[in-house]
Amino acid sequence: MPQSRRYSLEGIVASLLFIVLFGVLIIQIIGRTPLFVGPVWTEELARWIWVWMAFIAIGEVERQDAQLRMGFIAEALPDSVRRWLYTLIDIVYLGIMGHLCVIGYRSILRTWSNESVTLPVTDAALYASAFVASILVVLRIVRRLAGRFRPTPTEGR
């Protein structure tokens, strides 16, 4: 597998969201003390940031091809068979993620007019996280599939 960059857009965004989440949680914690009354929106915002952070991080896991897997059977197979097995798995995975893109898009449309309880945005902003993440995963799967059939420098000779 070719060497990938150390940092990616997904990783950077997920890290920034974690920092913002930490700040919102600090406000929420201090707001529960006698020092001052905390804003009511911090609980909902923390939940939304957590969801976005988790979904965007899925794209980073895909970029690094670091999903959990039990490969003891696949590792026992010859390289060519293993390559085709992983290709088949990725094609099925691509179909599932494509379907999740459609579900995410429909969820955005369905919740477009729902108002958030405490935030000045629509609920579609929350459901967009699944749609964005599924698109990121689809792009990473397609890239992995394309790289699997690209000839290596030694094969081209």
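Whatever comes next refers back to the structure up there.
The structure contained in this document is the topic of the report that follows. (Residues numbered from 1 in each chain as written. Predicted model: local features only at pLDDT ≥ 70, side-chain atom pairs only at ≥ 80, totals over all residues. Heavy atoms only, no water.)

### Remarks on helix H1 (residues 9-30)
Keep this limit in mind: Numbering goes from the N terminus for both helices and strands, where a helix is a DSSP run of H or I of at least four residues and a strand is a run of E of at least two. Expected helix span is computed as 1.5 Å times (number of residues minus one). Categorising residues by exposure relies on relative accessible area from a 1.4 Å probe, with only protein chains included: less than 20% of the type maximum marks a residue as buried, more than 50% marks it as exposed, and the intermediate range marks it as partly exposed. The arc in question is the one traced by the directions running from the helix axis out to the C-beta atoms. Two residues qualify as a contact provided that any one of their heavy atoms is within 4.5 Å of a heavy atom in the partner residue.
In this model, H1 (22 residues) spans 32 Å end to end at C-alpha, consistent with the 32 Å of a helix rising 1.5 Å per residue. Of the positions making up H1, those classed as buried are Glu10, Gly11, Ala14, Leu17, Leu21, Val24 and Gln28. Taken end-on, H1 shows its buried residues confined to a sector of 145 degrees, consistent with a single buried face. Every exposed residue of H1 that faces more than 90 degrees away from the buried side is listed here: Leu16, Ile19 and Phe22. Looking at the buried residues of H1, the elements they touch are helix H2 (42-63) and helix H5 (124-148).

### A word on the environment of Ile58
The topology assignment puts Ile58 in helix H2. Classification of Ile58 by relative accessible area gives partly exposed; the value is 37%. On a C-alpha basis, the gap between Ile58 and Ala133 in space is 6.8 Å, while along the polypeptide they are 75 residues apart.

### Concerning a nonpolar patch on the surface
Filter applied, for reference: Patch membership needs two things, relative accessible area over 30% and no salt bridge, and members are linked within 9 Å if like-charged or within 5 Å if nonpolar (Val, Leu, Ile, Met, Phe, Trp, Tyr). All accessible-area figures derive from a Shrake-Rupley calculation using a 1.4 Å probe, and residue coverage is judged against the displayed protein chains alone. Salt-bridge detection follows one rule: a side-chain nitrogen of Lys or Arg within 4 Å of a carboxyl oxygen of Asp or Glu.
There is a patch of nonpolar side chains on the surface, built from Phe22, Leu25, Ile26, Ile27, Ile29, Ile30, Leu35, Phe36, Val40 and Trp41 and spanning about 930 Å² of accessible area. Considering the arrangement of structural elements, one finds Ile29 in helix H1.

### Brief notes about the side chain of Arg82
Its place among the elements puts Arg82 in helix H4 (residues 79-111). Taking relative accessible area as the criterion, Arg82 reaches 19% and is therefore assigned buried.

### Some remarks on the layout of surface pockets
Selection criterion: Using only the protein atoms, space was sampled on a 1 Å grid; points where a 1.4 Å probe fits but cannot get out form cavities, open sets with protein on both sides within 12 Å along at least five of seven lines form pockets, and lining residues are those with an atom within 4 Å of a point. Grid points are joined across faces, edges and corners, and a volume is the space filled by probe spheres set on the points. For this scheme, ten residues count as nonpolar: Ala, Val, Leu, Ile, Met, Phe, Trp, Tyr, Cys and Pro. Four count as charged, namely Asp, Glu, Lys and Arg, and the remainder, Gly too, count as polar.
Volume-wise, the second largest pocket comes out at about 150 Å³. What lines the second largest pocket is Asp65, Gln67, Leu68, Arg69, Tyr86, Ile89, Asp90, Tyr93, Arg144 and Arg148. Broken down by secondary-structure element, the contributors of at least two residues to the lining of the second largest pocket are H4 and H5. In terms of residues, the lining of the second largest pocket owes the most to one element, H4, which gives four residues. Here the lining of the second largest pocket is composed, by residue class, of four nonpolar, one polar and five charged.

### Focus: the packing of H1 against H2
Quick reminder of the rule: Axis definition: a line fitted to C-alpha atoms, limited for helices to the stretch in contact. Angles are taken between N-to-C directions and run from 0 to 180 degrees. For classification purposes, an angle smaller than 35 degrees is called roughly parallel, one larger than 145 roughly antiparallel, one from 65 to 115 roughly perpendicular, and anything else oblique. Whether a crossing is left-handed or right-handed is set by the direction in which the near helix is turned from the far one by less than a right angle, anticlockwise for left-handed and clockwise for right-handed.
With their axes 8 Å apart at the nearest point, H1 and H2 run at an angle of 160 degrees to one another. By the angle between their directions, the pair H1 and H2 is classed as roughly antiparallel. As for the relative orientation of H1 and H2, their crossing is left-handed in sense. For the contact of H1 with H2, a count of residues per class yields 17 nonpolar, four polar and four charged.

### Here we look at the side chain of Glu60
This is how it is decided: Contacts described as polar in this section are N or O atom pairs within 3.5 Å, which, within protein, must combine one atom able to donate a hydrogen with one able to accept it, while residues neighboring in sequence count only if both atoms come from side chains.
Structurally, the position occupied by Glu60 is in helix H2. Its relative accessible area of 12% is what places Glu60 among the buried residues. A distance of 2.2 Å separates polar atoms of two side chains, one belonging to Glu60 and the other to Ser8. One polar contact links Glu60 to Arg63, side chain to side chain, over a distance of 2.9 Å. Each residue touching Glu60, except ones within four places of it in the same chain, is listed here: Ser8, Glu10 and Gly11.

### Here's the deal with unusual backbone geometry
For Asp65, which is not glycine, the phi torsion reads 50 degrees and is therefore positive. Turning to its location among the elements, Asp65 is positioned in the loop between H2 and helix H3 (72-76).

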